[in-house]
Amino acid sequence: MSQFITRPARTSDVHAIQELLEPYVQRRILLGKDLVLLFESVQEFVVAETADGRIVGCGALHVIWEDLGEIRTLIVADGWLHHGIGRALVETLEERARRLGLTRLFCLTFEVDFFTRRGFAPIGEQVVDADVYSQLVRSPDEGVAEFLDLAHVKPNTLGNTRMLKVLEPA
């Protein structure tokens, strides 16, 4: 296996991100995203790129609130699992979160052991105060609805674990 770097995604990476995503959509592990939505959110993504220019992993940081973000669409190509790519992507996204002033990161995942090793822990129902909740519930973003554990997203979240990490200052 060759080495890889993590870097901010570019619009030219969006088709590769969609190719990484598609097998997980087919297996109902991740929700599908229309190509236009991937382009609209490209600035949220980082990618793992091999020395020969292949995109073998991706992940996104979505800001939810003043102190809260979500790691989403974290994917590593099957042939590249267990080579440190997932860890490197999460570390890159955490650094980005710190630079934005976020102190907590949320994820919704089947990969509980992976995220537990990165300092995430399962969460219960109330993770924001009532005032923040009343604002967040207005968001059209499905990830925010999943964070809040709203009833209309329950079919999307079956078997997933809602997890949270408090970020240490840089």
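Refer to the preceding data block for the structure.
Residues numbered from 1 in each chain as written. Predicted model: local features only at pLDDT ≥ 70, side-chain atom pairs only at ≥ 80, totals over all residues. Heavy atoms only, no water.

Novice: Please provide a residue-by-residue account of the pattern of salt bridges, values included.
Specialist: All chains considered together, the criterion is met by nine salt bridges. Between Arg 98 and Glu 95 there is a salt bridge, with the nearest N and O atoms lying 3.9 Å from each other. One end of the pair is Arg 98 and the other is Glu 95, both in helix α3 (residues 85–100) and three residues apart, which spans about a single turn. With a relative accessible area of 24%, Arg 98 lands in the partly exposed category. For Glu 95, the salt bridge goes to Arg 99, with nearest N and O atoms at 3.9 Å. With Glu 95 and Arg 99 both in helix α3 and four residues apart, the pair spans about one turn of that helix. Using a relative accessible area of 31% as the deciding quantity, one classes Glu 95 as partly exposed. Since its relative accessible area comes to 61%, Arg 99 is described here as exposed. Here the salt bridges do not stand alone but share partners, grouping Arg 7, Asp 13 and Glu 49 into one network. (Salt bridge = Lys/Arg side-chain N within 4 Å of Asp/Glu carboxyl O. Helix = DSSP H or I, 4+ residues; strand = E, 2+ residues; numbered from the N terminus. Buried < 20%, exposed > 50% of the residue type's maximum accessible area, 1.4 Å probe, protein only.)

Novice: Now, about the state of the cysteines: what can you tell me, with residues and values included?
Specialist: For the structure on display, the rule yields zero disulfides. Distance from the sulfur of Cys 58, which forms no disulfide, to the nearest cysteine sulfur (Cys 107) is 15 Å. A residue is classified by how much of its surface remains accessible, and Cys 58, at 0% relative accessible area, is buried. (Disulfide = S-S within 2.5 Å.)

Novice: Describe the nonpolar core, with residues and values.
Specialist: In terms of nonpolar packing, the biggest core is built from 35 residues, with Ile 17, Phe 45, Cys 58, Ile 85, Leu 105, Phe 115 and Phe 120 touching the most fellow members. If you list the elements that add at least two residues to this core, you get α1 (14–26), β2 (45–50), β3 (55–65), β4 (68–76), α3, β5 (104–109) and α4 (112–117). Those residues within four positions of Phe 45 in sequence are excluded, and the remaining contacts are Pro 8, Ala 9, Ile 17, Leu 38, Cys 58, Gly 59, Ala 60, Thr 73 and Arg 96. Residues Leu 68, Phe 106, Val 127 and Leu 148 belong to the second largest nonpolar core, which totals 13 residues. (Core = buried A, V, L, I, M, F, W, Y, C linked by side-chain atoms within 4.5 Å. Contact = heavy atoms within 4.5 Å.)

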